[in-house]
Amino acid sequence: MLLIVSGGIAAYKSLELIRLLRARDIAVDCVLTRSGAQFVTPLSLQALSGTPVHGELFSLTEESEMGHIALSRSADLIVVCPASADLLARMAAGLADDLATTLLLATDTAVLVAPAMNVRMWEHPATRANLAVLRARGIHMVGPEEGAMACNEFGRGRLAEPAAILEAILSMLASGRPLAGRRALVTAGPTHEPIDAVRYLANRSSGKQGYAIASCLAEQGADVTLVSGPVALDAPAGVRRIMVETAVDMQLACEAALPADVAVLAAAVGDWRTREVLSGKLKKQAGSPPPELALVANPDILAGLSAPGPRRPRLVIGFAAETDDIVARATAKRLRKGCDWIVGNDVSAGTGIMGGDENRIHLIDEAGVEDWPRMTKHEVARRLVERIARLLGGETRP
Ligand code: C5P
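About the cut-offs
Residues numbered from 1 in each chain as written. Predicted model: local features only at pLDDT ≥ 70, side-chain atom pairs only at ≥ 80, totals over all residues. Heavy atoms only, no water. Helix = DSSP H or I, 4+ residues; strand = E, 2+ residues; numbered from the N terminus. Pairing = 2+ DSSP bridges. Axes fitted to C-alpha atoms, helices over the stretch in contact; angles between N-to-C directions. Near = heavy atom within 4 Å. Polar contact = N/O pair within 3.5 Å; in protein donor to acceptor, adjacent residues only side chain to side chain. Areas by Shrake-Rupley, 256 points an atom, 1.4 Å probe, with all protein chains shown as cover. Nonpolar A, V, L, I, M, F, W, Y, C, P; charged D, E, K, R; others polar. Salt bridge = Lys/Arg side-chain N within 4 Å of Asp/Glu carboxyl O. Buried < 20%, exposed > 50% of the residue type's maximum accessible area, 1.4 Å probe, protein only.

Enquirer: Explanation requested: the environment of R390 in the structure shown.
Expert: Looking at the secondary structure, you find R390 in helix 14 (residues 377–393). Measuring from C-alpha to C-alpha, the distance between R390 and E193 comes to 37 Å, with 197 residues separating the pair along the chain.

Enquirer: Looking at this structure, how should I read the sheet that holds strand 17 (residues 341–346)?
Expert: In sheet architecture, strand pairing relies on hydrogen bonds along the backbone and comes in two forms, parallel and antiparallel. Read across the open sheet, the eight strands follow the order 12-11-8-13-16-17-19-20; overall the sheet is mixed. Either end of the sheet is taken by a strand with one partner, and the two such strands are strand 12 (240–243) and strand 20 (368–371). Direction aside, neighbouring strands of the sheet carry axes that sit 15 degrees apart on average. Strand direction decides the pairing type here: strand 17 and strand 19 (residues 361–365), joined by four bridges, are antiparallel. Its bridge partner lying in strand 19, I342 is registered against I364.

Enquirer: Even after reading the chapter, I still don't get the sheet that holds strand 3 (residues 78–83), so can you show me in this structure?
Expert: Reading across from one edge, 2-1-3-4-5 is the order of the five strands in this open sheet, with parallel pairing throughout. In this open sheet, the two strands that pair with only one neighbour each are strand 2 (29–32) and strand 5 (140–141). When strand 3 meets strand 4 (residues 111–115), the two strands line up parallel, connected through four bridges. From the neighbouring strand, V79 faces strand 4, where its bridge partner is L112.

Enquirer: Explain the site of the ligand here, please?
Expert: Close to the ligand lie L265, A267, V269, D271, P299, D300, I301, L302, G318, F319, K333 and K337, which account for all nearby residues. Residue A267 places a main-chain N or O atom 2.7 Å away from an oxygen atom belonging to the ligand. Between the ligand and the protein, one listed contact pairs an oxygen atom with a backbone N or O atom of F319 at 2.7 Å. In isolation the ligand offers 440 Å² of accessible surface; the protein chains occlude 87% of this area. Where the shell around the ligand is concerned, the elements lending two or more residues are helix 12 (301–306), strand 16 (315–322) and helix 13 (326–337). Its residues assigned to classes, the shell around the ligand shows seven nonpolar, one polar and four charged.

Enquirer: Sorry if this is basic, but what is going on with the pattern of salt bridges here?
Expert: For side chains bearing opposite charge, pairing can occur when the charged atoms are close. Scanning all chains against the criterion turns up 21 salt bridges. Between R374 and E358 there is a salt bridge, with the nearest N and O atoms lying 2.7 Å from each other. Taken together, the residues span a long stretch of sequence, with R374 in the loop between strand 20 and strand 21 (375–376) and E358 in strand 18 (residues 358–359) at a distance of 16 residues. We classify R374 as partly exposed; its relative accessible area is 43%. Given the relative accessible area of 34%, E358 is considered partly exposed. Look at the salt bridges and you will find they share partners, linking D86, R90, D97 and D98 into a network.

Enquirer: It is not clear to me how the pairing of strand 3 should be interpreted in this structure. Could you clarify?
Expert: Each regular strand displays side chains that alternate between the two surfaces of the sheet. Here strand 3 lies mainly inside the structure; six of its six residues are buried. Residues I78, V80 and P82 line one face of strand 3 and the alternating positions V79, C81 and A83 line the opposite face, and both faces are buried. Across three bridges, the pairing between strand 1 (residues 2–5) and strand 3 is parallel. Each bridged residue has a counterpart across the sheet, and for L3 the counterpart in strand 3 is V79.

Purely geometric stuff here, so don't read any function into it on its own.
Rendered as structure tokens:
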């Protein structure tokens with residue numbers, strides 16, 4: 001994304017916006033206008049965005065690194081935040097007298113403006129006319145809001161809140177993609193069920209398959225919550241990740257993520273937890289026998305989410321990690337759990353699937369079984385999400 005920061009007291013809020021965007025792993029290139037630089041420094045923008053800030057149109061160093069035309073072409077979206085009355089006027093007039101306006105004139109990328117100005121400037125017929133021109137050209141707008149202003153006046157002209165600007169950005173980035181406007185819940189990784197202060201029960205799940213699915217869902221425009229057990233993976237771009245440890249925590253996080261249109265439960269949830277967790281470390285005592293662990297069953301998240309009711313996702317997909325009779329067991333599991341599709345895979349030691357980068361799956365739905373050839377987990381995710389998009393993308397939203 002390309003973020004243009006123009007002059008105005010609200011420019012400081014662009015820092016918060018960058019922070020929110022970076023938390024979603026959205027890459028942000030910043031252009032700071034000369035008047036914007038009176039309110040925030042290039043150093044602040046650079047520190048938060050993690051990339052050098054562009055300021056001058058005729059800067060030899062900047063041009064040698066990335067020409068201004070390339071800069072406007074490389075982004076999926078251009079956001080002007082805050083957009084001053086002056087910048088809106090120059091945009092409407094088609095001027096190209098600095099880097100920001102030149103980029104805006106040289107681009108055919110979607111543009112979102114977040115105006116911020118004094119209420120009288122906002123209400124001035126010149127600004128009204130400029131906005132009408134920009135709207136007619138298909139420029140999107142978020143805010144401004146009504147409220148108290150830095151200049152001690154009250155009225156419309158306050159910059160929209162960064163969270164609202166983020167929402168507008170996310171929906172523009174997603175629009176046109178098949179899962180735009182759909183909410184997805186994905187679980188991934190193992191769970192850790194504590195025994196005492198230092199030990200836990202776990203399994204070999206790496207989380208790679210679930211992370212790849214979350215990533216592909218986000219790429220197709222879905223609003224994704226990834227509930228992840230302890231894994232060594234980075235959060236995929238554009239995904240809201242919630243880290244949990246135990247099955248009980250995972251269940252709570254899943255419930256909090258509802259409603260969802262689709263739930264893909266790829267986590268290898270521990271079936272049991274210890275009846276009690278010692279607050280200290282269990283001590284080894286010379287001469288006494290090893291301790292016995294009493295276990296109790298964990299909640300079944302998949303069965304719970306698949307149960308009929310108003311909060312049931314339209315499409316629930318479970319995973320069945322099996323070591324033998326994969327298709328038969330997975331088919332039985334689909335019926336027992338009540339999910340719509342189940343992905344059966346062979347996790348026997350020799351396959352290298354658990355923890356590895358490849359998978360060989362059997363996709364089971366109402367119609368029967370599809371045996372997919374061995375492929376990377378990313379490719380499995382891509383094809384599975386394609387299938388999800390075919391189902392959900394073709395339906396009208398409730
Ligand atoms: O019963 P089993 O663990 O074999 O079922 C696997 C499927 O059920 C996976 O989709 C897994 O995420 C889900 N599951 C669950 N809650 C559990 C156990 C498994 O959601 N407690």
